[in-house]
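Chain by chain, the residues run as shown.
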Amino acid sequence: MVPGVPPLLTPVPLTSAAMTRQCARPSCDRQAVATLSYQYSASVVWLESLAPEPHPMTHDLCDLHAESQSVPMGWELRDERVPRLPLAVAAEIG
Ligand SMILES: [Zn+2]
């Protein structure tokens, strides 16, 4: 949850183009699979499953950059991503 953002009232279909966003890291063209958000007042960084819609206060990351995400000294990283289906993992390995 991002403070100040109202909950989504309309479900977004999984096939929506919004689900195929690109990683926010420079020079990375991989597909985003996670959304990173910050709360400066609490020194917390959230890593969550890709948000249905992009938001100016969050960053979309690919699996590589989500896994390698680190936080500044004194900050807490909360990984709240939903575990991926084994089928999806197997498809990436193959
Ligand atoms: Zn990336």
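The structure we're discussing is the one just above.
Engineer: Explain unusual backbone geometry here, please?
Structural biologist: Comment: phi is negative for the bulk of residues other than glycine, and the bulk of peptide bonds are trans. Positive phi outside glycine occurs at Ser27, with the angle close to 60°. Along the polypeptide, Ser27 turns up in the segment before strand E1 (34–39).

Engineer: What exactly am I supposed to notice about the pairing of E1 here?
Structural biologist: Strand residues, when the strand is regular, have side chains that alternate between the two faces of the sheet. Pairing between E1 and strand E2 (residues 44–49): six bridges, direction antiparallel. Directly across from Ser37, in E2, lies its bridge partner Trp46. Where E1 folds back onto E2 in an antiparallel hairpin, the turn is made up of four residues, including Ser43, whose phi is positive at roughly 55°.

Engineer: Would you explain the nonpolar core in this entry?
Structural biologist: For soluble globular proteins, nonpolar side chains are generally found buried alongside one another. One finds Cys23, Ala32, Val33, Ala34, Leu36, Leu50, Ala51, Leu61, Cys62 and Ala66 forming the largest nonpolar core, which totals 10 residues. Among all residues touching Ala51, those that are not within four sequence positions of it are Thr35 and Thr58.

Engineer: Can you walk me through the environment of Ala34 in this structure?
Structural biologist: Within the secondary structure, Ala34 is located in strand E1. On the basis of neighbour counts, which here come to 23 C-beta atoms within 10 Å, the residue Ala34 falls in the buried class. Separated by 13 residues in sequence, Ala34 and Arg21 place their C-alpha atoms 10.0 Å apart. For Ala34, the residues in contact, after removing those within four places along its chain, are Leu47, Glu48, Ser49, Leu50, Leu61, Ala66 and Arg81.

Engineer: Quick question: what am I supposed to make of the sheet that holds E2 here?
Structural biologist: For sheets, the rule is that strands pair by backbone hydrogen bonds, running either parallel or antiparallel. Overall, mixed pairing links the four strands, which are arranged E3-E1-E2-E4 in an open sheet. For this open sheet the edge positions go to strand E3 (58–61) and strand E4 (76–79), each flanked by a neighbour on one side alone. In this sheet, neighbouring strand axes are inclined to one another by 20° on average, regardless of whether the strands run parallel or antiparallel. Judged from the four bridges that link them, E1 and E3 form a sheet pairing that is antiparallel. Note on E3: the bridge partner recorded for Ser37 is Thr58.

Conventions we followed
Residues numbered from 1 in each chain as written. Predicted model: local features only at pLDDT ≥ 70, side-chain atom pairs only at ≥ 80, totals over all residues. Helix = DSSP H or I, 4+ residues; strand = E, 2+ residues; numbered from the N terminus. Pairing = 2+ DSSP bridges. Core = buried A, V, L, I, M, F, W, Y, C linked by C-beta atoms within 7 Å. Buried ≥ 20, exposed ≤ 12 C-beta atoms within 10 Å, placed from the backbone. Contact = placed C-beta atoms within 7 Å. Axes fitted to C-alpha atoms, helices over the stretch in contact; angles between N-to-C directions.

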